[in-house]
Structure formats: structure tokens, C-alpha cells
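A structural walkthrough
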Amino acid sequence: MAAHLYVRDLKVSTEFFTMKLGFTIDFVYGDPPFYGQVSRDNARLALRLIEEPVFAGDIREREDLLSASITLGSADEIKQLFLACQAADVAFHQSLRNEPWQAKTFIVKDPDANLILFAAPAN
């Protein structure tokens, strides 16, 4: 199963996920393209082109409304991904931090302001 993200430009979104976050393109569909899927390890994200705003204003950022959550296997893996995202100049909604429930997390913001959480065990 894949989380669905609504995007304004499928090409910009697939480039962001592949070039900045290390995903691969599984497929792009339509003429012109309006739907696609990217994946990284066991995580899959479906990208759906939509030309109208899905959310009003900045509610996603104000309310921390996540569009997807991706779990990594270890604290080292999430740290390495966080550092790779920093090096790729990815926009962060939340930097890498330790959570009270024994997890490490960070949240990135894609070009359409979708918030994607990455999480892993703290140890």
C-alpha cells in the first residue's frame, strides 16, 4: 500500500523524491502524466496531480498534518538519511530529534508542502 500525496507538478515531485530523498520511480502514468509512484526500500508514495489546493492556507504546517510516515530500521539509518537530506538542501519541518516514545524522527516538506515523517528506533 502507498500513501497518496497530492502534487501540483508531477515532474517536480518525482525529481524531488528521487534526487533529494533517494527514492526511485516505479511508474508514471497518463498522457500528459497525472499519476505516479516512487519507492525507497519498503516505502511507497503515490503522487497524484491535482491543480486546486487540497488544504486551506497553512493548516498543514500549523497543525503538523502528516501526509506520509516512513519507518526506518535503525537509529544509524535515520541519522544517515537526515544528514543526506541536509546535504541535499531539503526543507525540514522538524529537525532530527529524540521522541519520548523511544524513537528518532524528522519531518521533511516536499515542494507542495506535504509533510513526510521519517522515524526509527532511538537505539
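Our subject is the structure listed above.
We now turn to the structure provided with this report. Since this is a predicted model, take the numbers as computed values, not measurements.

**Let's talk about the overall build of the protein chain**
Along the protein chain, the regular secondary structure elements total 3 helices and 8 strands. If you list the helices and strands of the protein chain from N to C, you get β-α-β-β-β-α-β-α-β-β-β. Taking 123 residues into account, the globule formula puts the C-alpha radius of gyration at 14 Å, and the protein chain, at 14 Å, falls close to it. Along the first, second and third principal axes, the C-alpha atoms of the protein chain reach 45 × 30 × 30 Å. Scored against the burial criterion, the 123 residues of the protein chain give a buried share of 38%. Sequence-distant contacts, at least 24 apart, represent 51% of the contacts inside the protein chain between residues at least 6 apart. Counting only carbon and sulfur atoms, one obtains 51% of the accessible surface of the protein chain, whose full area is about 7,200 Å². A distance of 4 Å separates the average location of the 12 positive side-chain charges in the protein chain from that of its 17 negative side-chain charges.

**Some remarks on the sheet that holds strand S2 (residues 24-30)**
Strand order in the open sheet formed by 4 strands is S1-S4-S3-S2, with mixed pairing between adjacent strands. The open sheet is flanked by strand S1 (3-7) and S2, the only strands paired with a single partner. Averaged over all adjacent pairs, the angle separating strand axes in this sheet is 20 degrees, with direction ignored. Note: S2 against strand S3 (residues 33-40), 6 bridges, orientation antiparallel. Among the inter-strand pairings, Phe27 is bridged to a residue of S3, identified as Gln37.

**Brief notes about unusual backbone geometry**
Residue Pro32 follows Asp31 across a cis peptide bond; omega there is 5 degrees. In the Ramachandran plot, Asp89 falls in the positive-phi region, its phi being about 60 degrees despite a non-glycine side chain. Look at Gln102: it is not a glycine, yet its phi comes out positive at around 65 degrees. In this structure, Gln102 sits in the loop between strand S6 (92-99) and strand S7 (103-109).

**Quick word on helix H3 (residues 75-87)**
Its 13 residues give H3 an end-to-end C-alpha distance of 18 Å, which sits within 8% of 18 Å, the value for a rise of 1.5 Å per residue. What H3 keeps buried is the set Ala75, Ile78, Leu81, Phe82 and Cys85. The buried residues of H3 occupy an angular sector of 130 degrees when projected down its axis, which confines them to one face. The exposed residues of H3 that point more than 90 degrees off its buried face are Asp76 and Ala87. Packed against the buried residues of H3 are S3, S6, S7 and strand S8 (115-121). Asp89 sits one or two positions beyond H3 and adopts a positive phi of about 60 degrees.

**What to know about the packing of aromatic side chains**
Applying the stated criterion across every chain, the model contains 8 aromatic pairs. Ring geometry for Phe17 versus Phe23: centroids 5.5 Å apart, planes at 80 degrees, classification edge-to-face. Ring geometry for Phe82 versus Phe106: centroids 5.3 Å apart, planes at 65 degrees, classification edge-to-face. Residue Phe82 is found in helix H3, and its partner Phe106 is found in strand S7; the two are separated by 24 residues along the sequence. The burial state of Phe82 is the same as that of Phe106; both residues are buried. Site record: aromatic cluster; members linked through ring pairs are Phe82, Phe92, Phe106 and Phe118.

About the criteria used
- Residues numbered from 1 in each chain as written.
- Predicted model: local features only at pLDDT ≥ 70, side-chain atom pairs only at ≥ 80, totals over all residues.
- Heavy atoms only, no water.
- Helix = DSSP H or I, 4+ residues; strand = E, 2+ residues; numbered from the N terminus.
- Rg over C-alpha atoms; globule rule 2.2 N^0.38 Å.
- Buried < 20%, exposed > 50% of the residue type's maximum accessible area, 1.4 Å probe, protein only.
- Contact = heavy atoms within 4.5 Å.
- Areas by Shrake-Rupley, 256 points an atom, 1.4 Å probe, with all protein chains shown as cover.
- Lys, Arg positive; Asp, Glu negative; His and termini not counted.
- Charge placed at Lys NZ, Arg CZ, Asp CG, Glu CD.
- Pairing = 2+ DSSP bridges.
- Axes fitted to C-alpha atoms, helices over the stretch in contact; angles between N-to-C directions.
- Expected span 1.5 Å × (residues − 1).
- Arc of directions from axis to C-beta.
- Phe/Tyr/Trp six-rings, centres within 6.5 Å; stacked < 30°, edge-to-face > 60°.

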